[in-house]
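Given next are the chains, with one letter for each unit.
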Amino acid sequence: MRTDAVLKPSDVDSLREAVRQQPRVWPKGAGTKTALGPPEGAVVVEVSQLRGVLDYDPAEFTFTALAGTPVRDVEQLLARHGQYLPFDPPLSAAGATLGGTLASGLSGPGRYRYGGVRDFVLGVRFVDGQGELVRAGGKVVKNAAGFDLAKLMTGSLGRLGVLVEVSFKVFPAPRACASLRVDRADFEAAWGLLRALYTSSFDLEAVDLVPPGTVWVRVAGRPESLSTRLQRLRAFLQGGEVVEDDSRIWEEVREFRWVPSGWTLVKVPVTPRRVLDLERELVPTASLRRYSVGGNVAWVAWSEEPAALSGLLARLGLRALRVLGPPGPPFLGRADSDGFSSRVKQALDPAGRFGPYP
Amino acid sequence: MLHEIPVDRYGAVGRRMAGAVEACVHCGFCLAACPTYRVLGEEMDSPRGRIFLMKEVLEGHLQPQEAAPFVDRCLGCFGCVTACPSGVAYGELLTPYREYASAKVRRPWPDRLLRWLAMETLPHPARLRAALGLARLVRPAAPYLPARLRAMVSLVPDRLSRPRRPASTVAAAGARRARVAVLVGCVQRVLHPEIHEATVRVLARNGVEVVVPDQQGCCGALALHVGEGVRARRLARRNLLAFPEDVDAVITDAAGCGSAMKEYGLLFSGQPEEEQARKLAARVQDVSEFLNGLGIETPPPLPAPTRAVYQDACHLLHAQGVRDAPRRLLGAVGNLEVVEPAEAELCCGSAGTYSLEHPDVAAELGRRKVRGLLDTDPDVVVTGNVGCMVQIRAHLRAAGRPVPVLHTVQVLDLAYRGQGLPRLA
Amino acid sequence: MDRARVLQGLRTLYPESRILTRPAELAAYESDALTAFRARPLAVVLPETREEVVATVRWCHRHGIPFVARGSGTSLSGGSLPVPEGIVIALNRLNRILRLDPEERIAVVEPGVVNLDVSRAAAPFGLYYAPDPSSQPVCTIGGNVAFNSGGAHCLKYGMTSNHVLALEVVLADGEVVRFGGESLEGVGPDLVGLFVGSEGLFGIALEVTLRLVPKPEAYRTVLAAYRSLEAAGDAVAQVVASGLLPGAVEIMDRLSIEAAEAAVHAGYPEDAAALLIVELEGEEPEVEAELAELLEVVRASGAYEVRLARDEADRQRIWKGRKGAFSAVGRLSPDYLVQDGVVPRTQLGTALAEIERLSRRYGLRVANVFHAGDGNLHPLILYDGRQPGQLQRAEELAGEILRLCIRLGGSITGEHGVGMEKRQYLAEMFSEPDLEVMRRLRRAMDPGEIANRGKMFPVPQKLEAAAAS
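These numbers come from a predicted model, not from an experiment. (Residues numbered from 1 in each chain as written. Chains lettered and ligands numbered in written order. Predicted model: local features only at pLDDT ≥ 70, side-chain atom pairs only at ≥ 80, totals over all residues. Heavy atoms only, no water.)

A. Looking closely at the overall build of chain B. For chain B, the count of helices and strands is 23 helices and nine strands. The C-alpha radius of gyration of chain B comes to 21 Å, within 12% of the 22 Å expected for a compact globule of 425 residues. Each of the three principal axes of chain B carries a C-alpha extent, and together these read 60 × 50 × 40 Å. Counting every position in chain B, which comprises 425 residues, the buried fraction comes to 62%. Across chain B, the fraction of contacts at a sequence separation of at least 24, relative to all contacts at a separation of at least 6, is 76%. Element-wise, carbon and sulfur atoms account for 54% of the exposed surface of chain B, whose accessible area totals about 16000 Å². In chain B, 52 side chains carry a positive charge and 44 a negative one; their mean positions are 5 Å apart. (Helix = DSSP H or I, 4+ residues; strand = E, 2+ residues; numbered from the N terminus. Rg over C-alpha atoms; globule rule 2.2 N^0.38 Å. Buried < 20%, exposed > 50% of the residue type's maximum accessible area, 1.4 Å probe, protein only. Contact = heavy atoms within 4.5 Å. Areas by Shrake-Rupley, 256 points an atom, 1.4 Å probe, with all protein chains shown as cover. Lys, Arg positive; Asp, Glu negative; His and termini not counted. Charge placed at Lys NZ, Arg CZ, Asp CG, Glu CD.)

Given below as structure tokens:
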């Protein structure tokens, strides 16, 4: 079996056939998450031909599309009707697909307000390890029928099934946005702001902390109330520079343009309180950091061998996902194995066609 | 809820009991409001569970003896009635059911003896006084007594005044605005005759002529709550005759008595006196309800700022639906801050003779109640029922902070007389 | 295993006082909030520690005894109905809030903690637990997790699933597993998302880590009265289309208004054929700006009376009426079936008109009270079980409504779960391969199918018929 084999099924049936035929397969969208590569010996199945929006009624605030549809296409379609995906799917400009976004379980800074990709997915169709086409969830915003396999597919990295079709809910896009940049003398002071914002009743789209001491806050809503809200926020933060035309700034963040080419980028789930511990460990290293979602995610760009980073994270009891950079095992840091996920794997992919669950 | 109760078999109350079962949809909203469920966390000790059990018994699917421990454990606080969105008239099921089941349930002799003792002493002022005197003598031996006797003794007050009753007629001060008759009952007359006196003074002060009928007696509440319908009717019959018809209201200043008298119609359901009982019941009002409806003269402010925590008596709040009236009256007193405790809607565990028959549950509720009250850091506790006063006082004493406990009318009375409220030394 | 042996085994795990076996004790556990189903278990046990729960599950696994975990028994789908050959594990005494960390905005709780008690505990810190099923003063977090409970405020912030961060679970074969974490984000498949809503078929949650959210600074609650249910339905579409994102959008029809008004005197406009409740929440200046637009939209939608909640007490009354509406309908009829179908929001009008038509055809009254913003219908089918054939007709009508929801592209349940009640309809919503994957998952956790046996999955018709006879 050649490891560089690539199949490009043109429809669902040939995808099912591909899964049935190959002892080991690995689904790929646009390949924007460069660090996430195929397991050893797997035939790559590109789903890029399974693209297109199948169902979108703007009045319904939901859509269904094939998994290989670029997020960008969907966002443009939604924008024409004043709607959006509030979780800022990352690497959209780079060509990320809906399926890849769901399978990698990644959300951008806008996840702060209304939740991440897991909170917006409504239903999926996927091909399981036996080549069966399986549907779960639905197309309506509320649904409690059957097991929620759509959520399970979030972050499954193609190791539980090949996504074919996804349904999402969307929200009305805010009519106006602006950001506030607040600089503090040191990290600890900026971290204090982040935590104060986290328990405040301000409705914020995004709260990011960039070392050494900058906090970025995004506010969105009606144009007529925006300036009042920014003023109140400035009063709370005791200062801050208002940036009115802020879409470019946040796009840079979503696209990870701040990550130097060739570096490894990892996603580290953390909590606001633990951000300080992590930063202290990382300051002496050759890394760039961005603490997003109010301190719930650390994005760490790493220039050297990931093994050292993995050891550091493990010492802190943190687990991380590789996103950009040279491919390698997807997880770094604390090893995780539980009886639950291995049973899930066994049920969905008993023959291990999608590779071992790492 | 669907049922197969043979309605006709249960006489005049059959239809009403079945009606309560039908209205229940088993949604469980009552669980949080039920003191025994909060303490025990068991379905059969919840209102929904008890309704189900009573239904099963009335249908003939369950022996009354089996259901008895759980139905007995109900405090009859009616917290569930306030919480129920379906409008289940729980009292219309519980009270007749208890009477029906009491004949069918065989209780161990200590239970029967205790209940008999309670029924033979509490409603009779002279006997009660003698019993209390005796209990005070045994108090030093309390730690060696069985739990229920210990509970009984712990409730005995330190001081006993001579039983008194107000004069038969007290004229209104100034122009007469109303004429009422006052129930002076039994237990309160022995334990706290000063509450009746305060009631009469406050009424008179507000232009109400007060009569205190001589022939009246215990309202029957204690017997009613434990299902002794025959005894309750015997006691109530006396009051049907004693209370005059030419009054604007029959006033009670003990919530338990008020709620029992408002139930006289149900108690005599299908009996010759039903019509008469209904008429009397319709005239019954709690003193706070009546005064609030009448409108009171604003008392002078208290001499010193005082913080009172108001404790709803279940038989006022839940059984009679009187919530705002006492709060409004207390709100009229200057220099008095009225605060609300946590879990205000939860029973204190007194509930008539309940604290004597189920001391464990009652004590747990008493401790919880007092914790909530003391958390508000009060100068005084105010409530509207003598049973609650006794229970709360005992638990305040046990908690080491014996804050004074007053009836709502006592606060008004002291304010009118330009006196401050008693304080913890 | 016969009953005596089961009880003997349980006595090795529990003191006598925490094993319920007497007829009266067991009778009380026969039903949850869906009384159309009743089953008497062999015993009910009352664990007080997680170790006891684990030991009980292991014992059940070893001896093949089915178990049903139960909280407050408020399921409207028969989700906590006991199994006659099994035991009930009543989790009400595992009701401790183990950790409340306001700075990290999390609460770690035992499964028997009451939903509203989490918010009560968080209130001093300006935080609350957002999912608010109508039964929130009594229902437990364990039950909410098992059935992915919703509530009136799902539109903006989602259901239980969107508010659970981590779980410790004893699987049906006794293995204890932990997954999820304290962060809002995770890596790897969303196992928490899979477990929430699994209807007790995988095992029992022992510890639940919940996300708390800051209490909104301001609320504006608008009541609008309409002359017809369709007009109210159309108004919802207009509110949604306006680009507003309210916290809640609810509709009550004439029957449910009447019942709720009798129960709580909420001050709903009288004579309304339908009532729309829209609640905005958020920062004061934003909410104020949104309100102006909302009032414009609502007035233009044909409401003949529009009222704003005067203060917090008034707002609470409005919600108390809405949340007590199901139970209050008990005043109108001796029995009713609650349905929980979902339709695409643009199909609300069609669905309501069709339900109205079905109601007339079956000669049964249907009260409607629902989460309009989510398209989540709650038709309450009123019937009198004493009239021969009425229950069966009501069930048939319910079935037609569910099929209608599926036909319109929706779901048979939005938030109550499949439970006992809708298990036959799951096969109409999902294909055999879909169900087979779910069955494989279930067996992977519970090879003996002892955890909440009989729920969710369709029972083969033959077995169903045998059970009925």
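Okay, back to it.
B. Just the nonpolar core, in detail. Counting 126 residues, the largest nonpolar core has A:Phe63, A:Val124, A:Phe147, A:Phe168, A:Phe340 and C:Leu167 as the members making the most contacts within it. Considering every element that reaches this core, the biggest residue donor is helix 14 (residues 390–407) of chain C, with seven residues. The residues contacting A:Phe63, other than those within four sequence positions of it, are A:Asp55, A:Tyr56, A:Val74, A:Leu78, A:Leu85, A:Leu98, A:Val166, A:Ser167, A:Phe168 and A:Val170. Counting residues in each nonpolar core, the second largest holds 61 residues, with A:Phe187, A:Leu194, A:Leu309 and C:Leu165 among its members. (Core = buried A, V, L, I, M, F, W, Y, C linked by side-chain atoms within 4.5 Å.)

C. The arrangement of the interface of chain C and chain A in detail. Listed as interface residues are 87 residues of chain C and, on the opposing side, 78 residues of chain A. Buried area between chain C and chain A, summed over both chains or domains, comes out near 6800 Å², and the portion from carbon and sulfur atoms is 55%. Taken together, the connections running from chain C to chain A amount to 18 salt bridges. Between C:Glu283 and A:Arg232 there is a salt bridge; the shortest N-O distance is 3.3 Å. The set of elements that each furnish at least two residues to the side of chain C that touches chain A consists of helix 6 (154–157), strand 9 (176–180), helix 7 (191–195), helix 10 (284–300), helix 15 (423–429) and helix 16 (432–445) of chain C. In terms of residues, the side of chain C that touches chain A owes the most to one element, helix 16 of chain C, which gives nine residues. Classifying every residue of the side of chain C that touches chain A by side-chain character gives 40 nonpolar, 22 polar and 25 charged. (Buried area = accessible area lost by both parts, 1.4 Å probe. Salt bridge = Lys/Arg side-chain N within 4 Å of Asp/Glu carboxyl O. Nonpolar A, V, L, I, M, F, W, Y, C, P; charged D, E, K, R; others polar.)

D. Representation of helix 11 (residues 312–323) of chain C. All names here are of chain C. In a regular helix each residue adds 1.5 Å, so 12 residues correspond to 16 Å; helix 11 covers 16 Å between its end C-alpha atoms and thus fits that length. For helix 11, the complete set of buried residues consists of Asp314, Arg315, Ile318, Trp319, Gly321, Arg322 and Lys323. Put simply, aspartate 311 is the residue that caps the front of helix 11, since its side-chain oxygen is 3.2 Å from the backbone nitrogen of alanine 313. (Expected span 1.5 Å × (residues − 1). Polar contact = N/O pair within 3.5 Å; in protein donor to acceptor, adjacent residues only side chain to side chain.)

E. A look at empty space enclosed by the protein. Tallying each qualifying case throughout the model produces 10 cavities of 30 Å³ or more. Its boundaries defined by the atoms lining it, the largest cavity holds a volume of some 730 Å³. In terms of lining residues, the largest cavity is bounded by 47 residues, among which C:Thr74, C:Ser75, C:Gly143, C:Asn144 and C:Ser149 are the most central. Of all the secondary structure elements, the ones that give two or more residues to the lining of the largest cavity are strand 3 (67–70), helix 5 (141–147), strand 10 (203–211), helix 11 and helix 12 (325–328) of chain C. For the lining of the largest cavity, a count of residues per class yields 17 nonpolar, 25 polar and five charged. Its boundaries defined by the atoms lining it, the second largest cavity holds a volume of some 450 Å³. Every residue lining the second largest cavity is counted, 35 residues in all, and those nearest its centre are A:Leu122, A:Val140, A:Val141, A:Lys142 and A:Lys169. (1 Å grid on protein atoms, 1.4 Å probe; cavity = no way out; pocket = protein on both sides within 12 Å on 5 of 7 lines; lining within 4 Å. Points joined across faces, edges and corners; volume = space filled by probe spheres on them.)

F. Representation of the domain arrangement of chain A within the structure. Residues and elements named next belong to chain A. Domain boundaries assigned for chain A yield domain 1 (6–45), domain 2 (50–172), domain 3 (176–254) and domain 4 (264–333). Put simply, the middle of domain 1 and the middle of domain 2, counted by C-alpha atoms, are 19 Å apart. On inspection of domain 1 and its partner domain 2, the count reaches one salt bridge. The interface formed by domain 1 and domain 2 includes one residue pair in polar contact (both at pLDDT 80 or more). Among the elements of the structure, helix 1 (12–21) and strand 2 (25–28) are those that each provide at least two residues to the side of domain 1 that touches domain 2. (Domains from an automatic or database assignment.)

G. Quick look at the interface of chain B and chain C. Taken together, the contact pairs 31 residues of chain B with 38 residues of chain C. Taken together, both faces of the contact between chain B and chain C bury some 2700 Å²; the carbon and sulfur share is 56%. At the junction of chain B and chain C, the tally comes to six salt bridges. Seen at the junction of chain B and chain C, the total is 15 residue pairs in polar contact (both at pLDDT 80 or more). Of all the secondary-structure elements, those providing two or more residues to the side of chain B that touches chain C are helix 1 (14–23), helix 2 (35–40), helix 3 (47–59) and helix 4 (64–72) of chain B. In terms of residue count, the dominant contributor to the side of chain B that touches chain C is helix 3 of chain B (six residues).

H. A look at the domain arrangement of chain B. Partitioning chain B into structural domains gives domain 1 (7–102), domain 2 (109–154), domain 3 (169–293) and domain 4 (298–416). Centre-to-centre separation of domain 1 of chain B and domain 2 of chain B, based on C-alpha positions: 29 Å.

I. Just the arrangement of the chains, in detail. Where the two pairs of chains in contact are concerned, the greatest contact count is recorded for chains A and C. The closest approach of any C-alpha atom in chain A to one in chain B is 20 Å; the two make no contact.

J. Representation of the packing of aromatic side chains. Throughout the structure, instances matching the rule amount to 21 aromatic pairs over all chains. With a centroid separation of 5.1 Å and an interplanar angle of 65°, the aromatic rings of A:Phe202 and A:Phe236 are classed as edge-to-face. Taken as a pair, A:Phe202 in the loop between helix 7 (187–198) and strand 12 (206–210) and A:Phe236 in helix 8 (residues 223–237) lie far apart in primary sequence, 34 residues in all. A centroid spacing of 6.2 Å and a plane angle of 50° characterise the contact between C:Phe195 and C:Phe202, whose relative ring orientation is tilted. Here C:Phe195 falls in the buried class, since its relative accessible area comes to 3%. A relative accessible area of 0% means that C:Phe202 is categorised as buried. By way of ring pairs, the aromatic residues A:Phe63, A:Phe87, A:Tyr114, A:Phe120, A:Phe168, A:Phe171 and C:Tyr157 are connected into one cluster. Its guanidinium or amino end placed over the ring of B:Phe52, B:Lys55 lies 5.0 Å from that ring's centre, counting from NZ or CZ. Stacked on the ring of C:Tyr219, the Lys or Arg C:Arg315 has its end atom at 3.6 Å from the ring centre. (Phe/Tyr/Trp six-rings, centres within 6.5 Å; stacked < 30°, edge-to-face > 60°. Lys NZ or Arg CZ within 6 Å of the ring centre and 35° of its normal.)

K. Inspection of the sheet that holds strand 2 (residues 43–45) of chain C at higher detail. Residues and elements named next belong to chain C. Reading across from one edge, 1-2-4-3 is the order of the four strands in this open sheet, with mixed pairing throughout. Of all strands in the sheet, those with a lone pairing partner are strand 1 (19–20) and strand 3, marking the two edges. In this sheet, strand 4 (residues 87–90) lies alongside strand 2 in parallel orientation, the contact comprising three bridges. Among the inter-strand pairings, alanine 43 is bridged to a residue of strand 4, identified as isoleucine 87. Strand contacts of helix 3 (residues 50–63): strand 2, strand 3 and strand 4, with the helix running at about 165° to strand 4, the strand carrying the most contacts. (Pairing = 2+ DSSP bridges. Axes fitted to C-alpha atoms, helices over the stretch in contact; angles between N-to-C directions.)

L. Structural context of the packing of helix 13 (residues 229–242) of chain B against helix 16 (residues 274–283) of chain B. Residue and element names in this part refer to chain B. The contact between helix 13 and helix 16 brings their axes to 10 Å, and the two run at 70°. Comparing the axis directions of helix 13 and helix 16 gives the class roughly perpendicular. Along the contact surface, helix 13 presents Asn239, Leu240 and Leu241, while helix 16 presents Gln276, Ala277 and Leu280. Considering only residue class, the contact of helix 13 with helix 16 consists of four nonpolar, two polar and no charged. (Parallel < 35°, antiparallel > 145°, perpendicular 65-115°, else oblique.)

M. The pattern of salt bridges, seen in detail. As enumerated under the stated definition, the model contains 111 salt bridges over all chains in all. In this structure, A:Arg125 and A:Glu165 form a salt bridge, with 3.2 Å as the shortest nitrogen-oxygen distance. Here A:Arg125 is found in strand 7 (residues 121–127), whereas its partner A:Glu165 is found in strand 9 (residues 162–169), with 40 residues between them in sequence. Take A:Arg125: its relative accessible area is 28%, and that puts it in the partly exposed class. When its relative accessible area of 12% is taken as the criterion, A:Glu165 is described as buried. Note that A:Arg289 is salt-bridged to A:Glu279, the shortest N-O span being 2.7 Å. A residue pair is termed long-range when its members are at least 10 positions apart, and A:Arg289 in strand 16 (residues 287–292) and A:Glu279 in helix 10 (residues 275–282) qualify at 10 residues. Judged on exposure class, the residue A:Arg289 and its partner A:Glu279 are both buried. Here the salt bridges share partners, and the residues they tie into one network are A:Arg111, A:Arg118, A:Asp119, A:Lys267, C:Glu185 and C:Asp190.

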